[in-house]
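Chain and residue survey
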Amino acid sequence: MHLFLMLIILGGAIALRKSWQRNLQNWHDRWQAALFTFSLPPLLFLTTAIAIVCMGDRGMMIGMETGHLSYYLAIAYLIFAAIACLKLFGDGKNSLDTIRSYPQITLPINEKNVEKNIRARLLEDSGLYSAQIGFLEPELVVSQGLLETLDTEHLQAVLSHEQAHLYYRDTFLFFWLGWLRRITFWLPTTEVLWEELLALRELRADRFACQQIDGLVLAESLLLTVSAPFHEFTPLSAEFNRPCPSDRLQERVDAILDEPDRNIEFNWIDWIGLAIALLPLIFIPLHY
């Protein structure tokens, strides 16, 4: 019976991924659809595996006998998920330790007409690079080339974008989404949905920055930096000039230059639908 439950979950996950379509006009609807379709299958796999392990490899469920195969498959999947999480965290920590060895500098930023200073790590590289890197308390990293190439106005635009990633805790959120990506890499559209979520993350940060600075300046900053060499330090990062296909870049520029009152705020309500992932746990009392 447990194996039958696993097959039902697998079939439902594949059907859900196949049903996803990107052609939604509203940013918020796109975020909800991508987040739900991307996250629900791995969460269902995890809760199903937990339920099966809790029920054990002996007994009956709904009048059908349980078996050893599904029990050991569930244990194997949970071990695989745990190893993937530890590896992802270890890679991120190693990169963060390296970044914290860089010299620390102070940069001025204007937020809602209030001048303040923010701390950043200086990457001694001629390329144009900026990113928030870390977990709960990420570090801002900027390259020497970025500081030397951009004037004050365009640098302010880049810093405002990076402050948006800090405000929305994007590095924390996308660490866990990246983990879900790793444990379901074999499902259809995993990479397509991942890129969609990354694109929407940058759109959100751009719109946040446009509340602080002129959108045209931000668009110019993006075009100036997007062709620069890209440094990918860690999965715990949110970069201003992350490489993207030309159509994604055009979409991002168009969104920056669009009307400033477009709302793409994402909040906890977006996660309510993922409560469906808890459904496999209701089968535990049915096991005897």
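This report concerns the structure included in the present document. Since the model is a prediction, treat every value here as computed from it, not as a measurement.

Quick look at the environment of D170 now. Within the secondary structure, D170 sits in helix 6 (residues 170–183). With near-sequence residues (within four places) excluded, D170 lies in contact with A164, H165, R201 and R204.

Attention now goes to the packing of aromatic side chains. Following the criterion strictly, the structure yields 17 aromatic pairs and no others. Here F175 and W176 contribute two aromatic rings whose centre-to-centre distance is 4.9 Å and whose plane-to-plane angle is 80°, an arrangement assigned as edge-to-face. By relative accessible area, which is 2% here, F175 ends up buried. Look at W176 and you get partly exposed, because its relative accessible area is 34%. Put simply, the rings of F89, F135, F172, F175, W176 and W179 pair up and form one aromatic cluster. Sitting above the plane of the F174 ring, R201 keeps its charged end 4.8 Å from the centroid. The lysine or arginine in question, R204, covers the ring of Y168, its NZ or CZ lying 4.2 Å from the ring centre.

Along the chain, the position of E139 falls in strand 6 (residues 139–143). Polar contacts involving the side chain of E139 include one to the side chain of R100, which spans 3.2 Å. Those residues within four positions of E139 in sequence are excluded, and the remaining contacts are L96, R100, Q104, R121, A131, Q132 and I133.

Okay, the nonpolar core next. Grouped together as the largest cluster of nonpolar side chains are 43 residues, with contacts concentrated most on F174, L177, W179, I183 and L197. Of all elements in the fold, only helix 1 (2–19), helix 2 (27–55), helix 3 (68–99), helix 6 and helix 7 (190–210) reach the threshold of two or more residues within this core. With 13 residues, helix 2 is the largest single contributor of residues to this core. Dropping the residues within four chain positions of it, L197 is found in contact with W31, A34, L35, F38, F174 and L177.

Rules used in this analysis
Numbers given for residues are sequential positions, taken from 1 along each chain in its written order. pLDDT decides what is reported in this predicted model: residues at 70 or higher carry local features, side-chain atom pairs at 80 or more are listed and counted, and totals for whole chains, interfaces and linings draw on all residues regardless. Values shown for side chains rest on all heavy atoms present in the structure; no hydrogens or waters enter the calculation. Only runs of H or I of at least four residues qualify as helices and only runs of E of at least two qualify as strands under DSSP, and these elements are numbered from the N terminus. Note on contacts: a residue pair qualifies if any of its non-hydrogen atoms lie within 4.5 Å across the two residues. In this scheme Phe, Tyr and Trp rings, the latter by its six-membered ring, pair at centre separations within 6.5 Å, and the angle between planes marks the pair as stacked below 30 degrees, edge-to-face above 60, and tilted otherwise. Each residue's exposure class comes from its accessible area (1.4 Å probe, protein chains only) as a fraction of the maximum for that residue type: buried when under 20%, exposed when over 50%, partly exposed otherwise. Cation placement over rings: the criterion is NZ of Lys or CZ of Arg within 6 Å of the ring centroid and within 35° of the ring normal. Between N or O atoms, a polar contact is any pair within 3.5 Å; within protein, one atom must be a potential hydrogen donor and the other a potential acceptor, and residues adjacent in sequence are included only when both atoms are from side chains. Among the buried residues, those of types Ala, Val, Leu, Ile, Met, Phe, Trp, Tyr and Cys that are joined through side-chain atoms within 4.5 Å form a nonpolar core.

In short, the description is geometric, and any link to function would need to be established separately.
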